[in-house]
Amino acid sequence: MKKKTILVAAIAVMLVAALVVGGTLAYFTDTKTETNTFTTGKVSITLNEMNADGTKFTQGQKLLPGSQTKNNIAKRVTITNNTGSEEAYVWLEELIPAALN
């Protein structure tokens, strides 16, 4: 009876050892490869800068807050919707220096 118990225990230990060795070899010899593919789209957003009177804004003009007069230029900024193939989140922030308020 004692020999049979020792034999069963030895077989169980060998099976566990074989599973551990087999699993370890399978983990380290796996050669699966993947190819990453990135698909890009097009985002097309247009910033429109116009004077308040509808004329095109010229860079370098002196901007002052308030309505448009001879010395003040009131600028109107709009964004043309995205005409590209992908959706886009657009943020427009207009800031006026505190010294001009």
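Note that this is a predicted model, so its numbers are computed, not measured. Note on numbering: residues in each chain are counted from 1, in written sequence order. Only residues with pLDDT of at least 70 are given local features in this predicted model, and only at 80 or more are side-chain atom pairs given and counted; all residues enter the totals for whole chains, interfaces and linings. Hydrogens and waters are ignored; side-chain quantities use all the structure's heavy atoms.

As a further point, take the overall build of the protein chain. Scanning the protein chain for helices and strands turns up one helix and two strands. Helix numbers and strand numbers start at the N terminus; a helix is a DSSP run of H or I with at least 4 residues, a strand a run of E with at least 2. Secondary structure elements of the protein chain occur, N-terminal to C-terminal, as α-β-β. Relative to its full complement of 101 residues, the protein chain shows a buried share of 6%. Taking as baseline every contact in the protein chain between residues at least 6 positions apart, the subset at least 24 positions apart corresponds to 55%. Shrake-Rupley sampling with a 1.4 Å probe provides the accessible areas, and residues are treated as covered by the protein chains on show and by no other component. As displayed, the protein chain offers around 9,300 Å² of accessible surface, 60% of which is attributable to carbon and sulfur atoms. The rule is simple: take the accessible area with a 1.4 Å probe, protein chains only, and divide by the maximum for that residue type; under 20% is buried, over 50% is exposed, in between is partly exposed. Working rule for contacts: check all heavy atoms of both residues, and any pair within 4.5 Å makes them a contact.

Attention now goes to the confidence of the model for the protein chain. Scored from 0 to 100, pLDDT reflects the predictor's confidence in each residue. Chain-level statistics for the protein chain give a pLDDT mean of 79 and a share of 81% at 70 or above. For the protein chain, the element scoring lowest by mean pLDDT is strand β2 (residues 75-80), at 80; helix α1 (residues 2-28) scores highest, at 89.

A word on the packing of aromatic side chains. Pairing of aromatic side chains here covers Phe, Tyr and the six-membered ring of Trp, requires ring centres within 6.5 Å, and sorts the geometry by plane angle: under 30 degrees stacked, over 60 edge-to-face, intermediate tilted. The tally for this structure, following the rule as stated, stands at one aromatic pair. Look at tyrosine 27 and phenylalanine 28: their rings are 5.2 Å apart centre to centre, the planes differ by 80°, and that puts the pair in the edge-to-face class. Exposure class is identical for tyrosine 27 and phenylalanine 28. Each is exposed.

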